[in-house]
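Here are the chains, one letter per residue:
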Amino acid sequence: MPEKKERPEWTEYFLDIAAAVGRRSTCLRRQYGAIIVKDRIIISTGYNGAPRGEANCIDTGICERERLHVPKGQNYELCVAVHAEQNAIINADPVKMQGATIYIVGFNSDGTLASGKPCLLCRRMLRNAMIKEAVYKETDGSVVCIAPKDIKD
C-alpha cells in the first residue's frame, strides 16, 4: 500500500499561493503577493508593482526608495508601486470580499522573508473592503492571523 501523501493545511496552502503570486512583482526592493479567499475559494490575487501602463522598476532599473536608503514603512509617496493588498482589492468583486481573508507573503530582494504585515494605508483599505482577517508571514517564518483593525504599528 502506498504511503499516505501529506497535504498542506489550508493556511499553508494559501500562503504558498500568495508567495507564488508575489513572483510576478515588478519591485526591485521587495516582492509581495496577496490573495483574497472566502470559503476556501480564491476571489482575487495581487502583487506589488507599478500601475497598469506605467514603467516598472524592474524595467527601468531604478528604485527611488532604495536609491535614497529609505527604511521599510516610510516615504511610500516616493514609490511608484501599488501594494499587493491594494491590487488584490482593486481586482476583486466588492460583495465577495465581505468577510473574506487576505493572505500576504513578502520577500526581500536577497530572497529572505519580509514581513507581510499590511501598512497603515493597506489596513484602512482592508477594513473598507470589509475583509475579516489578514494572515501573513513574519520575517522569522511565523504566521500571524489578525483582524485588520487590530494590527498595531
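Residues numbered from 1 in each chain as written. Predicted model: local features only at pLDDT ≥ 70, side-chain atom pairs only at ≥ 80, totals over all residues. Heavy atoms only, no water.

Peer 1: When you look at the UniProt feature "binding site: Zn(2+)" (unreviewed entry) in the protein in this model, what are you seeing that I'm missing?
Peer 2: As recorded in UniProt, the sites labelled "binding site: Zn(2+)" (unreviewed entry) are H83, C119 and C122. Spanning 40 residues, the named residues nonetheless gather at one spot, since no C-alpha pair among them exceeds 9.2 Å. In the annotation above, H83, C119 and C122 are the residues that line the largest pocket. Along the chain, H83 turns up in the loop between α3 (64-67) and α4 (84-90). With a relative accessible area of 18%, H83 lands in the buried category. The contact partners of H83, leaving out residues within four places of it in the chain, are Y47, N48, Y76, C119 and C122. With respect to the helices, strands and loops of the structure, C122 is situated in helix α6 (residues 120-128). A relative accessible area of 1% means that C122 is categorised as buried. With sequence-adjacent residues up to four places away left out, C122 is seen in contact with H83, E85 and Q86. (UniProt positions renumbered as here; feature names shortened; annotations may be inferred. 1 Å grid on protein atoms, 1.4 Å probe; cavity = no way out; pocket = protein on both sides within 12 Å on 5 of 7 lines; lining within 4 Å. Helix = DSSP H or I, 4+ residues; strand = E, 2+ residues; numbered from the N terminus. Buried < 20%, exposed > 50% of the residue type's maximum accessible area, 1.4 Å probe, protein only. Contact = heavy atoms within 4.5 Å.)

Peer 1: Help me out: how do you make sense of helix α1 (residues 10-22) in this one?
Peer 2: It helps to recall that an α-helix has 3.6 residues per turn; residues three or four apart then point in one direction. With 13 residues, α1 extends 18 Å from end C-alpha to end C-alpha; this agrees with the ideal 18 Å at 1.5 Å per step. Those residues of α1 lying buried are F14, L15, A18, A19, V21 and G22. Projection of α1 onto a plane perpendicular to its axis shows the buried side chains occupying an angular sector of 160°, all on one side. On its buried face, α1 is in contact with β1 (30-38), β2 (41-47), β3 (101-108), β5 (133-137) and β6 (143-146). Between a side-chain oxygen at the N-terminus of α1 and the backbone nitrogen of T11 the separation is 2.9 Å; the capping residue is E9. (Expected span 1.5 Å × (residues − 1). Arc of directions from axis to C-beta. Polar contact = N/O pair within 3.5 Å; in protein donor to acceptor, adjacent residues only side chain to side chain.)

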